[in-house]
Amino acid sequence: ELSISSTFASDTSTVTVSPSTASDTSNTSVSAAVTGLVFQTTYYVRAFATNATGTMTSLTYSFTTPAAPFAATSAVSDTSTTGATLNGSVIGNGDSGGTSTTVVFQYSLNSDMSSAIEVSPASNGTIAGGDTTTIAVSKALTGLETGNTYYFRLKATNNYGTNLGSTLSFTLKG
């Protein structure tokens, strides 16, 4: 059984394991592939074994699925007539198995972020798997045009998904 309830009182699914039968008195390991799990959710699992003398239930075990990374866009700094520094922070939320997080800033002249250009931050463009600390990132942009309004956001991606920070804007004044 698989459930998001530790008491198995609701949201419970029966999962077929392999092998589904055992023919002797020795311990038999079983496994099941489960799909469609929700990110950052705790699941509870237990097994049943039935024979002519009755049914036995295993101990209950739990696991939490990893999460997509968290991205937060912060205000620009160090603005000039032709440049600015984009800022943000990210939490990789990678699992200890080594899933790294890739971080980029996106910027565009369009508020809907169409035709966005992606640039890697000056450092921390890749965050090691298992790192769940908040890491500040920034990228200095140069060669921008005075008078234009630019829109930007932070994007963080790992094997579990992609999150985008809020879209913010700045205008370069001459």
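Figured I'd write up the structure that's included with this text. (Residues numbered from 1 in each chain as written. Predicted model: local features only at pLDDT ≥ 70, side-chain atom pairs only at ≥ 80, totals over all residues. Heavy atoms only, no water.)

Here's the deal with the sheet that holds strand β12 (residues 134-141)
- Strand order in the open sheet formed by three strands is β7-β8-β12, and the pairing between neighbours is antiparallel. A single partner strand is all that each edge strand has here, and the edge strands are β7 (70-77) and β12. Across this sheet, the average inter-strand angle for adjacent strands is 20 degrees, counted without regard to direction.
- Sheet analysis places β7 next to strand β8 (residues 84-91), joined by six bridges and oriented antiparallel. Bridging across to β8, Ser74 finds its partner in Asn87. (Pairing = 2+ DSSP bridges. Helix = DSSP H or I, 4+ residues; strand = E, 2+ residues; numbered from the N terminus. Axes fitted to C-alpha atoms, helices over the stretch in contact; angles between N-to-C directions.)

With respect to the sheet that holds strand β6 (residues 61-64)
- In spatial order, the strands read β2-β1-β3-β6; together these four strands make up an open sheet with antiparallel pairing. Lying at the two open borders of the sheet, with one neighbouring strand each, are β2 (12-13) and β6.
- In terms of strand pairing, strand β1 (residues 2-3) meets β2 through two bridges, oriented antiparallel. Bridge pairing links Ser3 to Thr12 in β2.

Considering the pattern of salt bridges
- Throughout the structure, instances matching the rule amount to two salt bridges.
- For Glu1, the salt bridge is made with Arg46, and the minimal N-O distance between the two is 2.7 Å. Pair noted here: Glu1 is in the segment before β1 and Arg46 is in the loop between β3 (42-45) and β4 (48-51), with a separation of 45 residues, a long-range link.
- The partner of Glu118 in a salt bridge is Lys155, with the nearest N and O atoms 3.1 Å apart. Taken as a pair, Glu118 in strand β10 (residues 117-119) and Lys155 in strand β13 (residues 149-158) lie far apart in primary sequence, 37 residues in all.
- Judged by its relative accessible area of 42%, Glu118 is partly exposed. (Salt bridge = Lys/Arg side-chain N within 4 Å of Asp/Glu carboxyl O. Buried < 20%, exposed > 50% of the residue type's maximum accessible area, 1.4 Å probe, protein only.)

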